[in-house]
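Spelled out, the chains give:
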Amino acid sequence: MADNGTTATSIASVSEANRSRIMRHLYRNGVCSRAQIAEALSLTPAAVTKITARLIETGVIRETGGMEGRKNRRSIGLGLNVGSFHVVGVKFARSIVQIGLFDLAGTPLDVREIDKVTEETIPATLAAIHRAVGDMLASDAAIVAVGMAVPGPYLKDSGRTAVVSSMQGWKQVNFLDEFAHAFRVPVFVEQDARAGALAQCLFDPDNAGADSLAYYLIGEGVGLGVVERGRIIDGHLGAASELGHVSVDVVNGLPCECGNVGCLERYCSATAIHRMIVEDGGLIDGAARLTHAQACRELFAMAAGGDARAAAIVRRAARYVAFGCVTIINMFNPQRIVIGDIGAAAGDLLLDVVHETVDRHVLPELNESTSITLSSLPSDAALGGAAAVAIDRFLEQPSAFLESA
């Protein structure tokens, strides 16, 4: 005979899973009738009516008015109430920390940046994050969660990053100890590129139907996030898909702070591109005083304007970006590769080199089945990805948030 407690838990688990399925369906498809939801998710009309009644009561979904149903019958449309719930996203990127307020659709409502971070100012930066997020929570009762995107390799159970090239001070920070219980709402931490991959899947309609997507982050470091059939590939400790520390030159490669030589991020990250600019000498006045992002933006603008020296540096970095794509295709065989963050601003000059190189080095069958594009999201994908981490948890376990709201 089944234990009554076990049976109740099982029923509650099924009910929660169906709430999540309905919310995700509305998130992907927009306004739908109850009958359309029941048919799409193979649920009974009675089950859909019961679940949506609770979601309407809590304000997560709303009735949008009449819509045409089957056999010309009028139905009541249901839509996700994306503006009624907010999340905070925090992006850590070595010398850059950004904080954003987002609605459930991923629309940025407020974005702010902490003063440039150095090894010496990390403790002050952490304190500033606590103040900024605390102020947001105090002024906005609609916030239900905080998501954080941190550089990889991020060890998800221990809460720390194993190595942060060019900014080792972050390695001493335990993000779970620092933030997990710091606020009135739950906090979720994810590796930055995986957070970016979630953002691509949630916020870009062109990527919504992809069975597998790889988000290739070219920022102050290089990272990769892979989503396969709706699930992030994170590995045993959370360090899967660490593309930035795959060696592209094991013989004469540049040394990396991870202990390896020839790591990919030493050749095509924003940090590496900034180094190339400085080593070129005289290309950009005062280049050494600029941030990595500022130096890259100036370089990309000069290259787009026809400066041959600037274009040569972009092409040099782009070839390494391209070999990263070759590795991604051979290892994960994704349907789509989306290149984002600072490096994506190089635009078509970078993308053309990537396509030319991939065409030469990838099997035709794999190449033809993989699209490679630049991120089209209006906000930074890793910052939006931090928000996406929180939104994804909200969609996965809505009752956990609604009961505490």
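Located above this text is the structure these notes cover.
An account of the accompanying structure is given in this report. Please read all numbers here as calculations on a predicted model, not as lab measurements.

A word on the overall build of the protein chain. A count of helical and extended segments in the protein chain gives 14 helices and 15 strands. Along the first, second and third principal axes, the C-alpha atoms of the protein chain reach 70 × 50 × 45 Å. Looking at the 405 residues of the protein chain, the share that counts as buried comes to 53%. Accessible surface for the protein chain amounts to roughly 18,100 Å². Of this, 51% is attributable to carbon and sulfur atoms. Of the charged side chains in the protein chain, 35 are positive and 45 negative; the average position of the first set lies 5 Å away from that of the second.

Turning our eyes to something else, we now look at the nonpolar core. Of all hydrophobic cores here, the largest spans 48 residues; its most connected members are Tyr-216, Leu-299, Ile-339, Val-354 and Ile-372. Every element with two or more residues in this core is listed here: β11 (212–218), β12 (222–228), α8 (270–280), α9 (292–304), α10 (308–332), β14 (336–340) and α11 (348–361). Top contributing element to this core by residue count: α10, with twelve residues. If sequence neighbours within four positions are ignored, Ile-372 has contacts with Cys-325, Ile-329, Ile-337, Ile-339, Leu-351, Val-354, His-355 and Val-358.

Okay, the pairing of strand β7 (residues 143–150) next. Of all the eight residues making up β7, eight are buried; the element is thus mostly covered by neighbouring parts of the structure. Pairing geometry for strand β4 (residues 86–93) and β7, over six bridges, is parallel. Within β7, the position partnered with Val-90 by the bridge is Met-148. The pairing of β7 with strand β10 (residues 187–191) spans five bridges and is parallel. Among the inter-strand pairings, Val-146 is bridged to a residue of β10, identified as Val-187.

Moving on to the side chain of Arg-19. Checked against the element boundaries, Arg-19 lands in helix α1 (residues 4–29). At 2.7 Å, the side chain of Arg-19 forms a polar contact with the side chain of Glu-16. Excluding anything up to four places from it in sequence, Arg-19 contacts Ile-51, Leu-55, Pro-398 and Ser-399.

Here the focus is a positive patch on the surface. A grouping of Arg-315, Arg-316, Arg-319 and Arg-360 is seen on the molecular surface, where their side chains present a positively charged patch. A per-element tally of the positive patch places α10 first, with three residues. Note that Arg-360 resides in helix α11.

Turning next to the packing of α8 against α9. The interhelical angle for the contact between α8 and α9, taken along N-to-C directions, is 65°, at an axis separation of 9 Å. For the pair α8 and α9, the crossing hand works out as left-handed. Counted together, Ala-270, Thr-271, Ile-273, His-274 and Ile-277 of α8 and His-292, Ala-295, Cys-296, Leu-299 and Phe-300 of α9 form the full contact between these two elements.

This part covers the pattern of salt bridges. Going through the model one piece at a time under the given rule, you end up with 13 salt bridges. Taking the shortest distance from any N to any O, the salt bridge between Lys-156 and Asp-234 comes out at 3.3 Å. With Lys-156 in the loop between β8 (154–155) and β9 (160–161) and Asp-234 in the loop between β13 (231–232) and α7 (265–268), this pair connects stretches of sequence that are 78 residues apart. A residue is classified by how much of its surface remains accessible, and Lys-156, at 31% relative accessible area, is partly exposed. Of the residues examined, Asp-234 reaches a relative accessible area of 24% and is grouped as partly exposed. Glu-396 serves as the salt-bridge partner of Arg-231, at 3.8 Å between the closest nitrogen and oxygen.

Once that is clear, we can look at the side chain of Thr-370. Note that Thr-370 resides in the loop between α12 (364–368) and β15 (371–374). In this structure the side chain of Thr-370 is engaged in a polar contact, spanning 2.9 Å, whose partner is the backbone oxygen of Leu-366.

So, on to the environment of Met-136. Locating Met-136 in the fold gives a position in helix α4 (residues 122–139). With a relative accessible area of 5%, Met-136 lands in the buried category. Separated by 26 residues in the primary sequence, Met-136 and Asp-110 place their C-alpha atoms 9.7 Å from one another. Excluding its chain neighbours within four sequence positions, the residues that come into contact with Met-136 are Val-88, Ile-99, Gly-100, Leu-101, Asp-110, Arg-112 and Ile-143.

The strand order across the open sheet formed by three strands is β1-β3-β2, and the pairing between neighbours is antiparallel. Only two strands of the sheet have a single neighbouring strand rather than two, namely β1 (32–33) and β2 (61–68). Across seven bridges, the pairing between β2 and strand β3 (residues 74–80) is antiparallel. Bridge pairing in β3 links Met-67 to Ser-75. Taken strand by strand, helix α3 (residues 45–57) contacts β2 and β3, and its axis lies near 125° from that of β2.

Take unusual backbone geometry next. The peptide bond linking Gly-152 to Pro-153 adopts the cis configuration, its omega dihedral lying at 0°. Tracing the sequence through the fold places Pro-153 in the loop between β7 and β8. Phi at Ser-42 is positive, roughly 55°, even though this residue is not glycine. With respect to the helices and strands, Ser-42 occurs in the loop between α2 (34–41) and α3. Notably, Asp-341 is not glycine yet its phi reads approximately 75°, a positive angle. With respect to the element layout, Asp-341 can be found in the loop between β14 and α11.

As for its placement among the helices and strands, Ala-317 is situated in helix α10. Taking C-alpha positions, Ala-317 is 9.4 Å from Ala-270, a pair spaced 47 residues apart along the chain. Setting aside residues up to four positions removed in sequence, Ala-317 forms contacts with Tyr-267, Cys-268, Ile-273 and Met-276.

The rules behind the values
- Residues numbered from 1 in each chain as written.
- Predicted model: local features only at pLDDT ≥ 70, side-chain atom pairs only at ≥ 80, totals over all residues.
- Heavy atoms only, no water.
- Helix = DSSP H or I, 4+ residues; strand = E, 2+ residues; numbered from the N terminus.
- Buried < 20%, exposed > 50% of the residue type's maximum accessible area, 1.4 Å probe, protein only.
- Areas by Shrake-Rupley, 256 points an atom, 1.4 Å probe, with all protein chains shown as cover.
- Lys, Arg positive; Asp, Glu negative; His and termini not counted.
- Charge placed at Lys NZ, Arg CZ, Asp CG, Glu CD.
- Core = buried A, V, L, I, M, F, W, Y, C linked by side-chain atoms within 4.5 Å.
- Contact = heavy atoms within 4.5 Å.
- Pairing = 2+ DSSP bridges.
- Polar contact = N/O pair within 3.5 Å; in protein donor to acceptor, adjacent residues only side chain to side chain.
- Patch = residues over 30% accessible without salt bridge, like charges linked within 9 Å, V, L, I, M, F, W, Y side chains within 5 Å.
- Salt bridge = Lys/Arg side-chain N within 4 Å of Asp/Glu carboxyl O.
- Axes fitted to C-alpha atoms, helices over the stretch in contact; angles between N-to-C directions.
- Left-handed = near helix turned anticlockwise from the far one by under 90°.

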